Amino acid sequence: MPIANTKAIVLSSLKYGDSSLIVKCFTLNDGLKSYLIRGVLKSKKGKIKPAYFQPLSQLTIQANHNTKGKLNSIREVQVSTPYNSIYTSIIKQTIVLFLSEMLSNCIQEEEENTALYSYIETSLIWLDTHDKIANFHLLFLLNLTKFLGFYPDLTNKEASYFNIVEGNFTNTSLEKEVVYGEELVQFKKLFGTNFDTIETIKFSKRERQQILGVIIRYFELHLDGFRNPKSLGVLETVFS
């Protein structure tokens, strides 16, 4: 059984039995991997603690990686990038919970994707070190589509409609799935910006919810098996 040493980002953690966890991670070297952490919830003296496996924790692990489709095991773990504010801010905790669910729905490949890993890693560090983060999740998800292969085609960005099915801007509205009018004006504000400037863009609560709805629908149409995140309601409540 090969031993892997790799960085890993926790996507989800599920209680298994009375004392164990099944943890899904996106690893730097091997893509998506799931691990069975036996006895971690009852062992007080063990080196591996449940606190390591909070949503989107950044870890360095030594693990046994089995063949595809089977649960793996972790031999050693340590936090590679400690967060200063993510787990103490209710707003940031909620954003991280929501994004971890989105990422868990989106990432399926058990193969290396260093560009995607680096994007998630650096984005989370930005979130941890900044305070004005109300629009962070919108830009994070839009940019995520670059790495998943369906970033919008901006060739006709000034057109009057955004076709969610085709992922492009158009001046015809024959498709039912189009964004237009004031909603399109707000959606377009995300393009050409970055995390350092995103908070200069002002969205009302309603506008932010509308844009997020467009983005989630876009994911739903372009990813097979995508499920709407259960934590969306919690996110909307926090931002209300």
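The preceding data block contains the structure.
Notes on the structure in this doc start here.

Scoring rules and cut-offs
- Residues numbered from 1 in each chain as written.
- Predicted model: local features only at pLDDT ≥ 70, side-chain atom pairs only at ≥ 80, totals over all residues.
- Heavy atoms only, no water.
- Core = buried A, V, L, I, M, F, W, Y, C linked by side-chain atoms within 4.5 Å.
- Buried < 20%, exposed > 50% of the residue type's maximum accessible area, 1.4 Å probe, protein only.
- Helix = DSSP H or I, 4+ residues; strand = E, 2+ residues; numbered from the N terminus.
- Contact = heavy atoms within 4.5 Å.
- Polar contact = N/O pair within 3.5 Å; in protein donor to acceptor, adjacent residues only side chain to side chain.
- Axes fitted to C-alpha atoms, helices over the stretch in contact; angles between N-to-C directions.
- Parallel < 35°, antiparallel > 145°, perpendicular 65-115°, else oblique.
- Nonpolar A, V, L, I, M, F, W, Y, C, P; charged D, E, K, R; others polar.
- Pairing = 2+ DSSP bridges.
- Expected span 1.5 Å × (residues − 1).

### Re the nonpolar core
For step 1, the next point in the chain: Among the nonpolar cores identified, the biggest contains 56 residues, and I120, F136, F140, L141, F187, L190 and F219 are the most heavily contacted of them.
For step 2, the next point in the chain: Looking at this core, the elements with two or more residues in it are β1 (3-16), α1 (90-106), α2 (114-128), α3 (136-148), α4 (181-188) and α5 (205-222).
For step 3, the next point in the chain: Grouped together as the second largest cluster of nonpolar side chains are 16 residues, L21, C25, I48 and V77 included.

### Describing the environment of Q54
For step 1, the next point in the chain: Within the fold, Q54 resides in the loop between β3 (31-37) and β4 (58-64).
For step 2, the next point in the chain: You can call Q54 partly exposed: its relative accessible area is 32%.
For step 3, the next point in the chain: For Q54, the residues in contact, after removing those within four places along its chain, are V10 and Y87.
For step 4, the next point in the chain: Within polar-contact distance, the side chain of Q54 engages the backbone oxygen of A51 at 3.3 Å.

### Digging into the packing of α4 against α5
For step 1, the next point in the chain: α5 packs onto α4 with a crossing angle of 85 degrees between their chain directions and a minimal axis gap of 10 Å. As summarised for this structure, α4 and α5 are arranged roughly perpendicular, according to the angle between their axes. Taken together, the residues of α5 that come into contact with α4 (itself represented by E182, E183, Q186 and F187) are E207, Q210, I211, V214 and I215.
For step 2, the next point in the chain: Partitioning the contact of α4 with α5 into residue classes produces four nonpolar, two polar and three charged.

### A look at the side chain of H137
For step 1, the next point in the chain: Residue position: H137 is located in helix α3.
For step 2, the next point in the chain: The class of H137 is buried, set by a relative accessible area of 1%.
For step 3, the next point in the chain: Non-local contacts of H137, meaning those with residues more than four positions away in its chain, are made with I95, F98, L99, R208, L212, L235 and F239.

### Brief notes about the sheet that holds strand β6 (residues 161-163)
For step 1, the next point in the chain: The strand order across the open sheet formed by three strands is β7-β6-β8, and the pairing between neighbours is antiparallel. Because the sheet does not close on itself, it has two edges, and the strands there are β7 (168-170) and β8 (178-180). Sheet twist, expressed as the mean angle between neighbouring strand axes with direction ignored, is 30 degrees.
For step 2, the next point in the chain: Against the sheet, α4 engages β6, β7 and β8, with an angle of about 90 degrees to β8.

### A look at the environment of E101
For step 1, the next point in the chain: Tracing the sequence through the fold places E101 in helix α1.
For step 2, the next point in the chain: Counting along the chain gives 130 residues from E101 to S231, while the straight-line C-alpha distance between them is 7.6 Å.
For step 3, the next point in the chain: Contact partners of E101, with chain neighbours within four places excluded, come to N228, P229, K230 and S231.

### Examining α1
For step 1, the next point in the chain: Over its 17 residues, α1 extends 24 Å from the first C-alpha to the last, a length consistent with the 24 Å expected when each residue adds 1.5 Å.
For step 2, the next point in the chain: With twelve of its 17 residues buried, α1 lies for the most part within the structure.
For step 3, the next point in the chain: Of the surrounding elements, those touching the buried residues of α1 are β1, β2 (20-27), α2, α3, α5 and α6 (232-238).

### Some words on α3
Every α-helical turn comprises 3.6 residues, leaving residues that sit three or four positions apart pointing alike.
For step 1, the next point in the chain: For α3, built from 13 residues, the straight-helix expectation of 18 Å at 1.5 Å per residue is met to within 8% by its first-to-last C-alpha distance of 18 Å.
For step 2, the next point in the chain: Burial of α3 is extensive: ten of the 13 residues sit out of reach of the surface.
For step 3, the next point in the chain: For α3, the full list of buried residues reads F136, H137, L138, L139, F140, L141, L142, N143, L144 and T145.
For step 4, the next point in the chain: Looking at the buried side of α3, the elements it contacts are α1, α2, α5 and α6.
For step 5, the next point in the chain: Just past α3, the residue G149 takes up positive phi, approximately 95 degrees.

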